[in-house]
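Architecture at a glance
Spelled out from the first residue to the last, the chains are:
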Amino acid sequence: MKTTPSKPSLQPSPRSAAFCSRRWAFVATLLTMVASHAEEMFPFVIPGLETPAKDSIVDVSWLNEMPAGKHGPVTVRDGQFVDGAGKRVKFLATNFTFGSCFPDHDTADRLAARLASLGMNCVRFHHMDNQTAPRGIWKAGTPKKNEFDPDQLDRLDYFIAALKRHGIYANLNLHVSRNYWEGEDFPDGLAEHERRERMPHYSKGVDKINEQMIRMQRDYARALLGHVNPFTKTAYASEPCVAIVEINNENSLLQLKVAALPEHYRADILKQWNAWLRKRYTSAEKLVAAWGDATPLGDNLLPARFVTQGGGNFQTARNDSGELRVSLTKLPAVNWHAQLHWTGMTLEEGKLYTLEFTGCSDAPREVPLSTRLQTGDYHNCGLRETARLTPQWQTFTHTFRATRTAPGLVRFDFVLGGGPAGDFFIKDLTLRPGGTLGLKPGESLADGTVGSGEGSLGTPRGLDWTRFLAETERGYTDGMREFLKKELGVRACITDSQASYGGIAGTWRESFNDFVDMHAYWQHPRFPGRPWDGGNWSIPNSPMVANPGAGNLWQLAIYRVAGRPFTVSEYDHPAPSHYAAEMFPMIASFAAAQDWDGLFQFDWGGTGWDEGKISGYFSLQQHPGKLAFLPAAALMLRRGDVAPARGTARLDLPGDEAEKLTADGVTLSEAWQRAGVTQQDCLTHQLAVRFTENGTLKADKPATGGSQLAWDAKAALYTVDAPAAKAVVGRCTGKTTKLDGAEFAVKSNSRDFAALTLNAADGKPLAQSRRLLLTAVGNVENTGMGWNTDHTSVGHKWGSAPTICEGITATITLATQAKTAKVFALDGTGARAGEVPARLAEGRLSFAIGPKDKTLWFEIVVE
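Residues numbered from 1 in each chain as written. Predicted model: local features only at pLDDT ≥ 70, side-chain atom pairs only at ≥ 80, totals over all residues. Heavy atoms only, no water.

1. Here we look at the environment of G529
Let me state the cut-off plainly: In this text, helices come from DSSP runs of H or I with a minimum length of four residues, and strands from runs of E with a minimum of two, each type numbered from the N-terminal end.
Turning to its location among the elements, G529 is positioned in the loop between β23 (516–521) and α10 (551–557). For the pair G529 and G418, spaced 111 residues apart in sequence, the C-alpha to C-alpha distance is 9.5 Å.

Laid out in structure tokens, this is it:
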């Protein structure tokens, strides 16, 4: 209702005066907080190429035995990496990507020394195969990317030789991001732009079943690993400093959407699928007996009305003929933020149901379809398909078996937000009991025309499709591993891809390799529009320490396989998160407690080696909030200052059950929890999957366990309490956190967040140690970062050098046997910059730190 305002009074009413008073009090408080925040921040740069000052406590290069591979190659013994002398090796590492893999000789020497000083002993070479020089290994100016650039190869060779001298191993990745058609012609009849639009990124999945692509992978491996490094006089296949070779990054045939492929590739895969079926069943009669016959269709179960989610992104309307028009006006940040739901249905467990509708779109679009529980964890209930709409009307029919249902709590979803913006139409939508799982009209086993089992969760067809993909993929992996080891003579430890790619069947695939690997990121940037659009992205910007589901730690721990080393070759808490400082104290201590074998941060970051500012989401080399904790991480993980958790919870999982669970859409996390192991157990027990030849899914968890870690997600507080290592991470401000022999009284700050570690350089219990390193970090960012209002993005406005850091105000109290003690503030090179007042009395050393010290590092020296 529109109203006419009265003439304003010149005298404020008592109520308005009180409001004004409160408003200005709020403004004053806000300005005080802003000013206080500004006073807490100070410039602090940790050089990217400069090694620490002589004898600095932050130089832990002494952890590296030099040269790397001195006693022979790294191998696997009793489920652990060992060097040629039989001594256990744990990796703390980073990734070098694109052009950073090829520094000039002088920079390579400086980088190798710098990485060693930070406690790193391995480098993963990643994305070398993507571009021509100077950002990749391929020679520029040639018709195809099929010839190495000699200058790039020289730089790579020298860098690896420099790393070797400093005790740093290499992890060489084979296929990461090469587009195969850029190296050879393919008989697919497609233009290059069509391949980019219609093929999976880097042909992922396809390259594990397409013979030409597999042959090209072997050619690349032969050229790279057969190359003799002139600086080490050894071919990479037999070079002892090459510890790891990865075959195919983040890739699984089990995640391939065959129906969306161009005809040439789709037909090839379906031909192989039909050959697999003929070998398995020998006749159509046996196949139909295994898959089941038709069940008559019943009445439509869908409610007449639907519910919208994210309605601000789209509009709906029905015309007189009953067609539903959906107009997507705005692309949401993620596709599922725009949905249509039909709710409140009852689907009977194990029964068949058929979804059918007719649809078209003004532009080609993919619309995910699913049935799921409408409460709790929203797990899938049997249907998981994608409708590929075109301007032509098509009828879509999907039969599925209902799984994990609950009466009146199942919903059907149309996910609308995947784009592009525009209109599409749906009519004759039904969900009815019944359907057929056997051969459909027009399908013939003899003629090789049986369609795929994509999306057929809980059905025999879907299970066979999963088995076909899993067996084919294991054949690819076994063939590549045998080629590398036997034909090329590779001595390094080999894995195919990351264990989560391909579901539980993917983990089973990796269990046959030398070790098992995983990736994880806490709050990876999201790109709602064009992928990797630097002006249109966001991060939630909240700390993992406050996550009630154990964050990334549980999601990584569940993938370790018994009897195999376990690594995480990509891990990061991307910038510009205010909470990135939590990363290394949490993941390094947890990796130590789980007794993992390698942790690789992603990534070192570009070729701006000494810019003095954070240059991107993942860049480590200029991020003080991450770099500062590397010495502590090396001591906790590599030296073993944090002990492994007592007791191991093992999940027994039959191999054939792995394929069935994958076909049913069950995740490995769900499998663990079905067997009675929860997220909290990963803090008290090591976790390991054990694949068996038979039996049932079950877990063996010792009743007693324990570790030197504690995590209260509700209080958002994570601590490490080991004799030679302490950590306090999260909402530790405004209170005192008491650990054995150490107290951390941290003053409140603007974000109620801090991360502190305390490490004995000599490995002795803190009270007996003569030299300790304290690291204290809060928020870290560039000067002049251009945040949006809710601090979820800076767009292109990353700011400039130098990096500025939040000083943590705290009083540290230690139990000590010292007669005398001094505390020093260190500069960015680790040199002593000034003494911090300290009080030593009655076996307790106490000192205060804060922004005035203008450092993240403090050294405690006692006698």
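The discussion continues.
2. Brief notes about the packing of helix α6 (residues 263–281) against helix α7 (residues 284–291)
Filter applied, for reference: All axes here are fitted lines through C-alpha atoms, helices being fitted over the stretch that makes contact, and every angle between N-to-C directions spans 0 to 180 degrees. When describing relative orientation, an angle under 35 degrees is termed roughly parallel and one over 145 degrees roughly antiparallel, while 65 to 115 degrees is termed roughly perpendicular and anything else oblique. Whether two residues touch is decided by their heavy atoms; if any such pair falls within 4.5 Å, the residues are in contact. Polar here means any residue outside two lists: the nonpolar Ala, Val, Leu, Ile, Met, Phe, Trp, Tyr, Cys and Pro, and the charged Asp, Glu, Lys and Arg; Gly therefore counts as polar.
Relative orientation of the contacting elements α6 and α7 amounts to 90°, with a least axis distance of 9 Å. Judged by the inter-axis angle, α6 sits roughly perpendicular to α7. Across the interface between the two elements, W273, L277 and Y281 from α6 touch K286, L287, A290 and W291 from α7. Residues of the contact of α6 with α7, tallied by class, amount to six nonpolar, no polar and one charged.

3. Points about the pattern of salt bridges
The cut-off we apply is this: Salt bridge, as used here, is a side-chain nitrogen of Lys or Arg placed within 4 Å of a carboxyl oxygen of Asp or Glu. To sort residues, take the accessible area from a 1.4 Å probe on protein chains only and compare it with the maximum for the residue type: under 20% means buried, over 50% means exposed, and anything in between is partly exposed.
Taken as a whole and judged by the stated rule, the model has 50 salt bridges. Between E473 and K208 there is a salt bridge, with the nearest N and O atoms lying 3.2 Å from each other. You can see E473 sitting in helix α8 (residues 460–487) and its partner K208 sitting in the loop between α4 (192–198) and α5 (211–225), a full 265 residues away along the chain. K208 matches E473 in its accessibility class, with the two residues each being buried.

4. Description of the packing of aromatic side chains
Here is the rule we go by: Note on ring pairs: Phe, Tyr and Trp rings are taken, using the six-membered ring of Trp, and paired if centres are within 6.5 Å. Classes follow the plane angle, with under 30 degrees stacked, over 60 edge-to-face and the rest tilted.
Throughout the structure, instances matching the rule amount to 44 aromatic pairs. Measuring from centroid to centroid gives 6.5 Å for F91 and F600, while their planes differ by 55°, and the two rings are tilted. Pair noted here: F91 is in strand β4 (residues 91–97) and F600 is in strand β25 (residues 598–601), with a separation of 509 residues, a long-range link. Grouping residues by exposure puts F91 and F600 together as buried.

5. Description of the pairing of strand β34 (residues 754–760)
Counted only if it meets this: Pairing between strands is defined by DSSP: at least two bridges between the two strands are required.
The element β34 is largely enclosed, with a buried count of seven among its seven residues. Covered by surrounding structure in β34 are A754, L756, L758 and A760 together with A755, T757 and N759, the residues of both alternating faces. Pairing between strand β31 (residues 725–730) and β34: six bridges, direction antiparallel. Within the sheet, the bridge partner assigned to A727 lies in β34 and is T757. One ladder, built from six bridges, connects β34 with strand β35 (residues 771–777); its direction is antiparallel. Across the sheet, L756 pairs through a bridge with A776, a residue of β35.

6. A look at the sheet that holds strand β39 (residues 821–826)
Read across the open sheet, the eight strands follow the order β29-β30-β31-β34-β35-β43-β39-β40; overall the sheet is antiparallel. Strands at the two margins of the open sheet, each flanked by one partner only, are β29 (709–712) and β40 (832–836). Mean inter-strand twist for the sheet, computed between neighbouring axes without regard to direction, equals 15°. By the bridge criterion, six bridges tie strand β30 (residues 717–722) to β31 in an arrangement that is antiparallel. Bridging from a neighbouring strand, Y718 pairs with V729 of β31. Against the sheet, helix α11 (residues 583–594) contacts β29, β30, β31 and β34, and its axis sits at roughly 50° relative to β30. Packed onto the sheet, helix α13 (residues 630–637) meets β31, β34 and β35 and runs at close to 55° relative to β34.

7. Examining the packing of α11 against α13
Contact geometry for α11 and α13: axes closest at 8 Å, N-to-C directions at 10°. Overall, the two elements α11 and α13 adopt an arrangement that is roughly parallel. Between α11 and α13, the residues in contact are F584, P585, A588, S589, A591 and A592 and L630, A633, M636 and L637, respectively. For the contact of α11 with α13, the residue count by class is nine nonpolar, one polar and no charged.

8. A short note on the confidence of the model for the protein chain
This is how it is decided: pLDDT: the predictor's confidence for each residue, scored from 0 to 100.
For the protein chain, the average pLDDT comes to 92, and 95% of its residues sit at 70 or higher. With pLDDT under 50 throughout, residues 1–36 is counted as low confidence; its partners more than four residues away or in other chains account for one contact.

9. Observations concerning the state of the cysteines
Here is the rule we go by: When the sulfur atoms of two cysteines come within 2.5 Å, that pair is taken as a disulfide.
Per the stated rule, a full pass over the model turns up zero disulfides. The cysteine C732 is free of any disulfide, with C805 supplying the nearest cysteine sulfur at 17 Å.

10. Quick word on the sheet that holds strand β20 (residues 422–433)
Read across the open sheet, the five strands follow the order β12-β13-β20-β15-β18; overall the sheet is antiparallel. The open sheet has two edge strands with one neighbour each: β12 (314–318) and β18 (394–401). Going across the sheet, the axis of each strand differs from the next one's by a mean of 25°, ignoring polarity. The pairing of strand β13 (residues 324–328) with β20 spans five bridges and is classified as antiparallel. Its bridge partner lying in β20, L328 is registered against G422.

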